[in-house]
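For reference, the chains in residue letters:
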Amino acid sequence: MRSRHHDIADDLRQQITTGRIRPSERLPSEADLADQYKVSTVTLRRALAALQGEGLVEKVHGKGNFVRGPHRKILYVGGWGTLDPRTAAEPASRVTVRSNIVQAQAHLMTLLKVPLGSPIVEITCISHEGESPCGLARIYMPRDLAPAGVLEDSSTCRDAVTRFAALTPPPAALREAVCARPPTPDEASTLRLGPASAVLSITRIATDSTGRVTEVTLLAFPGDRVDAVFTTHRVTDERQTQG
């Protein structure tokens, strides 16, 4: 037997896709919708959760449920390890930044190749388009390698953070591991993702000429909000060009 919340989700979905409820419009309160459909709030929330998982509805804490409008995609440029400058410079885009010093736990100890408990700088960056979060970056570096001003939110560091760029001096090598996966509970909460959503996860590791890891960045983007572009340049054998 078909559950009632499926019928409610179908009705709301039709209203959204046909334009009766417009993008960015706030839905009636959950109590009002439950009363309208003559169901419990538990059943109503199951219907909304289905629409949130499809990316049609976004729940904003303290404000209610909103119809998601068509979003411009972020462009992540692999190899350079930054957001495309045009993406970062959009007037509607903004980045919130929080920095502090933490102790390296097991996973960071492995990635940064530092002793357990070592002091490291942690910078958390959340990119927004309007009110909608569209990217999460957590940047880690050994405390002794942190550039001047990084903890004081200097303008130079903020410019780099806005582009999700590396903060330490230009690395000799930049390794990026990319995968699609379900969001962690923290990512789902921060990026306002439904349980059926996926994120594009990028682990970026920068090393200097001696092979020392200078910075590790853990990036997560909603899967439907990002394009990642990686360009490979052909290396010409000098012996062939000289022959």
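See the structure shown above.
Note that this is a predicted model, so its numbers are computed, not measured. Going along each chain's sequence as written, the residues are numbered from 1 onward. This being a predicted model, a pLDDT of at least 70 is required before a residue's local features are given, and a value of 80 or more before pairs of side-chain atoms are given or counted; all residues contribute to the totals for chains, interfaces and linings. By convention in this description, side-chain values take in all heavy atoms of the structure and omit both hydrogens and water.

### Side note on the packing of helix α2 (residues 30–37) against helix α3 (residues 41–53)
Now for step 1: Interhelical geometry of α2 versus α3 gives an angle of 105° and a closest axis separation of 9 Å. Between α2 and α3, the angle falls in the class roughly perpendicular. In this structure, α2 uses Glu30, Leu33, Ala34 and Tyr37 to contact α3, whose residues at the interface are Thr41, Leu44, Arg45 and Leu48.
Now for step 2: Among the residues making up the contact of α2 with α3, the classes are represented as five nonpolar, one polar and two charged. An axis is simply a line fitted to the C-alpha atoms; with a helix, the fit covers only the stretch in contact. Between two such axes, the angle follows the N-to-C directions and lies from 0 to 180 degrees. Under the DSSP-based scheme used, a helix requires at least four consecutive residues in state H or I and a strand at least two consecutive residues in state E, with every element numbered from the N terminus. Note on angle classes: values under 35 degrees are labelled roughly parallel, values over 145 roughly antiparallel, values of 65 to 115 roughly perpendicular, and the remainder oblique. Contacts: residue pairs with any heavy atoms within 4.5 Å of one another. The residue classification treats Ala, Val, Leu, Ile, Met, Phe, Trp, Tyr, Cys and Pro as nonpolar and Asp, Glu, Lys and Arg as charged. All others, Gly included, are polar.

### Structural notes on unusual backbone geometry
Now for step 1: Look at Ser24: it is not a glycine, yet its phi comes out positive at around 75°.
Now for step 2: For Lys38, which is not glycine, the phi dihedral falls at a positive 60°.
Now for step 3: Checked against the element boundaries, Lys38 lands in the loop between α2 and α3.
Now for step 4: Relative accessible area serves as the criterion here: at 72%, Lys38 is assigned to the exposed category. For each residue, the accessible area found with a 1.4 Å probe, counting protein chains only, is set against the maximum for its type, and the residue is called buried under 20%, exposed over 50%, and partly exposed in between.

### Section: the nonpolar core
A general tendency of soluble globular proteins is for nonpolar side chains to be buried together.
Now for step 1: Nonpolar cores are built from buried Ala, Val, Leu, Ile, Met, Phe, Trp, Tyr and Cys residues. Side-chain atoms within 4.5 Å join them into one set. Among the nonpolar cores identified, the biggest contains 23 residues, and Ile123, Cys125, Phe164, Leu167 and Phe221 are the most heavily contacted of them.
Now for step 2: Elements supplying a minimum of two residues to this core: β3 (74–77), β6 (119–129), β7 (132–142), α6 (155–162), β9 (199–207) and β10 (213–222).
Now for step 3: Broken down by element, this core gets its largest block of residues, four residues, from β7.
Now for step 4: Sequence-distant contacts of Phe164, defined by excluding residues within four places in its chain, comprise Gly81, Thr82, Leu83, Val95, Cys125, Ser127, Gly135, Leu136, Ala137, Arg204, Leu219 and Phe221.
Now for step 5: Among the nonpolar cores identified, the runner-up in size contains 16 residues, and Leu12, Val39, Leu51 and Val67 belong to it.

### Comments concerning empty space enclosed by the protein
One water molecule sets the probe size; rolling that probe over the atoms shows where empty space is left.
Now for step 1: Of the grid points, spaced at 1 Å and generated over the protein atoms alone, those admitting a 1.4 Å probe that cannot get out make up cavities, while open sets with protein on both sides within 12 Å along at least five of seven lines make up pockets; any residue with an atom within 4 Å of a point is treated as lining. Grid points are joined across faces, edges and corners, and a volume is the space filled by probe spheres set on the points. As enumerated under the stated definition, the model contains two cavities of 30 Å³ or more in all.
Now for step 2: Reported here for the second largest cavity is a volume of approximately 40 Å³.
Now for step 3: Glu58, Arg68, Ser132, Pro133, Leu191, Arg192, Leu193, Pro222 and Arg225 together form the lining of the second largest cavity.
Now for step 4: For the lining of the second largest cavity, the residue count by class is four nonpolar, one polar and four charged.

### Examining α3
Now for step 1: A helix is expected to span 1.5 Å multiplied by its residue count minus one. In this model α3 runs 18 Å from its N-terminal to its C-terminal C-alpha over 13 residues, within 8% of the 18 Å that 1.5 Å per residue would give.
Now for step 2: Of all the residues in α3, the buried ones are Leu44, Ala47, Leu48, Leu51, Gln52 and Gly53.
Now for step 3: Lining the buried residues of α3 we find α1 (4–17), α2, β1 (57–60) and β2 (64–67).
Now for step 4: Gly55, located one to two residues past α3, shows a positive phi value of around 85°.

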